[in-house]
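Analysis of the macromolecular model
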Amino acid sequence: MILVVRHLTAFRYPEGAAGVALRLKLLPQSFEGQRVIDWHVSVDGTEVEHWITGGYGERFAQWLDPRPRDSLDIVAWGQVETRDRSGVVSGLRRACPPAVFLRDTPLTWADEAILALGEGLGTGAATLTGLHDLSARVREALPYRAGVTGSETPAAQALAGGGGVCQDHAHVFIAAARCGGVPARYVTGYLMAGEDEDQQFETHAWAEAFVEGLGWVGFDVANGICPTDRYVRIGAGLDAHDAAPVRGLVVGGGAGDLLADVRIAAGDADLDAVLQQQQ
């Protein structure tokens with residue numbers, strides 16, 4: 001399937017900003033199951049050209065502007081060919097060893113309830129079955145409820161609250177998998193909804209876990225499936241903060257307002273139509 005994507009991130013600073021520093025993780029990689037046909041990232045209309053390869057093997061950009069401003073628009077757009085590989089992620093640029101993703105973070109710290117979810121993952125071939133079971137347990141324990149958690153909500157707090165969104169599902173799954181000795185990481189990207197589903201206009205999040213002999217396997221706990229050809233994978237990290245597509249620092253003025261808007265469609269020649277949806 002060929003997917004056409006346009007991702008707008010718009011910052012507005014009513015009180016002004018004396019300077020802005022950003023880290024951009026908006027560049028998808030090609031691997032088995034995903035081939036980037038064409039992709040661009042721009043800040044205020046100027047294309048970002050200099051990218052750095054980080055410790056995870058992914059490329060990111062640093063964007064700095066010390067000049068005062070009251071707005072900032074970041075746009076990522078392009079075409080990606082995808083194939084359904086039942087969630088198996090192969091062919092990514094090799095970097096750090098999987099064991100790096102056993103590390104806890106404040107967002108993925110595990111309490112007793114998460115420890116209990118992660119029991120019985122098994123080893124070897126049994127690990128994959130255990131991870132599928134874990135995904136189902138997390139989804140049952142954490143029903144989808146928008147507006148009850150935020151970007152700073154830790155996994156344990158979301159689970160105790162009895163509801164959350166895709167970020168929370170991924171964090172709880174990751175925390176539980178790590179407790180069971182399975183490396184797991186947070187993934188950001190885009191999802192094209194099916195014809196009978198509501199289209200998302202924001203980035204999506206899921207998890208990947210490492211299975212010996214198979215490699216990394218994706219689990220979209222929020223939707224109860226492994227990623228298919230309707231998914232575009234952007235990047236990964238230890239948690240949502242680490243994997244954030246746009247992360248930065250504002251100097252002076254207020255915190256500002258953030259608008260994120262994602263448009264995604266199937267097709268190999270209709271990027272203009274996707275662009276017009278955001279006008």
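The structure this text deals with has already been given above.
So, a few notes on the structure that sits alongside this text.

Reading guide: rules and limits
Residues numbered from 1 in each chain as written. Predicted model: local features only at pLDDT ≥ 70, side-chain atom pairs only at ≥ 80, totals over all residues. Heavy atoms only, no water. Helix = DSSP H or I, 4+ residues; strand = E, 2+ residues; numbered from the N terminus. Rg over C-alpha atoms; globule rule 2.2 N^0.38 Å. Buried < 20%, exposed > 50% of the residue type's maximum accessible area, 1.4 Å probe, protein only. Contact = heavy atoms within 4.5 Å. Areas by Shrake-Rupley, 256 points an atom, 1.4 Å probe, with all protein chains shown as cover. Lys, Arg positive; Asp, Glu negative; His and termini not counted. Charge placed at Lys NZ, Arg CZ, Asp CG, Glu CD. Salt bridge = Lys/Arg side-chain N within 4 Å of Asp/Glu carboxyl O. 1 Å grid on protein atoms, 1.4 Å probe; cavity = no way out; pocket = protein on both sides within 12 Å on 5 of 7 lines; lining within 4 Å. Points joined across faces, edges and corners; volume = space filled by probe spheres on them. Nonpolar A, V, L, I, M, F, W, Y, C, P; charged D, E, K, R; others polar. Pairing = 2+ DSSP bridges. Polar contact = N/O pair within 3.5 Å; in protein donor to acceptor, adjacent residues only side chain to side chain. Expected span 1.5 Å × (residues − 1).

Side note on the overall build of the protein
Across its full length, the protein holds six helices and 14 strands. In terms of C-alpha radius of gyration, the protein reaches 19 Å, essentially the compact-globule figure of 19 Å for 279 residues. Along the longest, intermediate and shortest principal axes, the C-alpha atoms of the protein span 55 × 40 × 40 Å. Counting over 279 residues, the protein shows a buried share of 51%. Within the protein, counting contacts between residues at least 6 apart in sequence, those at least 24 apart form 76% of the total. Summed over all atoms, the accessible surface of the protein reaches about 13000 Å², with 50% contributed by carbon and sulfur. For the protein, the centre of its 22 positive side-chain charges and the centre of its 36 negative side-chain charges are spaced 5 Å apart.

Re the pattern of salt bridges
Applying the stated criterion across every chain yields a total of eleven salt bridges. For the salt bridge of Asp73 with Arg12, the shortest nitrogen-to-oxygen distance reads 2.9 Å. Here Asp73, found in strand β7 (residues 69–82), pairs with Arg12, found in strand β1 (residues 2–17); they are 61 residues apart in sequence, far enough to count as distant. Glu81 serves as the salt-bridge partner of Arg35, at 2.9 Å between the closest nitrogen and oxygen.

With respect to empty space enclosed by the protein
All told, the structure shown has one cavity of 30 Å³ or more when counted by the stated rule. Put simply, the largest cavity is a space of about 180 Å³. The wall of the largest cavity is formed by 18 residues, among which Phe31, Val89, Pro227, Thr228 and Tyr231 lie closest to the centre. For the lining of the largest cavity, the secondary-structure elements that each account for two or more residues are β8 (88–89), β10 (204–211) and β12 (231–237). Among the elements that take part in the lining of the largest cavity, β12 stands out by supplying three residues, more than any other. For the lining of the largest cavity, the per-class residue count stands at seven nonpolar, six polar and five charged.

Quick notes on the sheet that holds strand β6 (residues 59–65)
Either a parallel or an antiparallel arrangement is found when strands of a sheet pair, and the pairing is made through backbone hydrogen bonds. If you walk across this open sheet you meet the four strands as β5-β6-β2-β13, and the pairing is antiparallel. With one partner strand each, in any of the chains shown, β5 (52–53) and β13 (246–251) form the two edges of the open sheet. By the bridge criterion, five bridges tie strand β2 (residues 19–24) to β6 in an arrangement that is antiparallel. Note on β6: the bridge partner recorded for Leu22 is Trp63.

Remarks on the sheet that holds strand β14 (residues 257–266)
In space, the five strands of this open sheet follow the order β4-β3-β7-β1-β14, with antiparallel pairing throughout. One side of each edge strand has no neighbouring strand; the edge strands of this open sheet are β4 (46–47) and β14. The sheet contact formed by β1 and β14 spans ten bridges and is antiparallel. If you follow Phe11 over to β14, its bridge partner there is Leu258.

Digging into the side chain of His40
Position of His40 relative to the elements: it lies in strand β3 (residues 34–43). In this structure the side chain of His40 is engaged in a polar contact, spanning 3.1 Å, whose partner is the side chain of Asp38.

As for helix α4 (residues 166–179)
For α4, built from 14 residues, the straight-helix expectation of 20 Å at 1.5 Å per residue is met to within 8% by its first-to-last C-alpha distance of 20 Å. Of all 14 residues in α4, 13 are buried; the element is thus mostly enclosed.

Brief notes about the environment of Gly180
Note on placement: Gly180 falls in the loop between α4 and β9 (184–191). Sequence separation of Gly180 and Phe11 is 169 residues, and the distance between their C-alpha atoms is 40 Å. Once residues lying within four places of it in the same chain are set aside, the contact partners of Gly180 are Gly118 and Leu121.

Remarks on the environment of Pro28
Turning to its location among the elements, Pro28 is positioned in the loop between β2 and β3. Look at Pro28 and you get buried, because its relative accessible area is 8%. Put simply, Pro28 and Val232 are 204 residues apart on the chain and 7.7 Å apart in space, counted from C-alpha to C-alpha. In this structure Pro28 touches Gln34, Val36, Trp39, Arg233 and Ile234, once residues within four positions along its chain are discounted.

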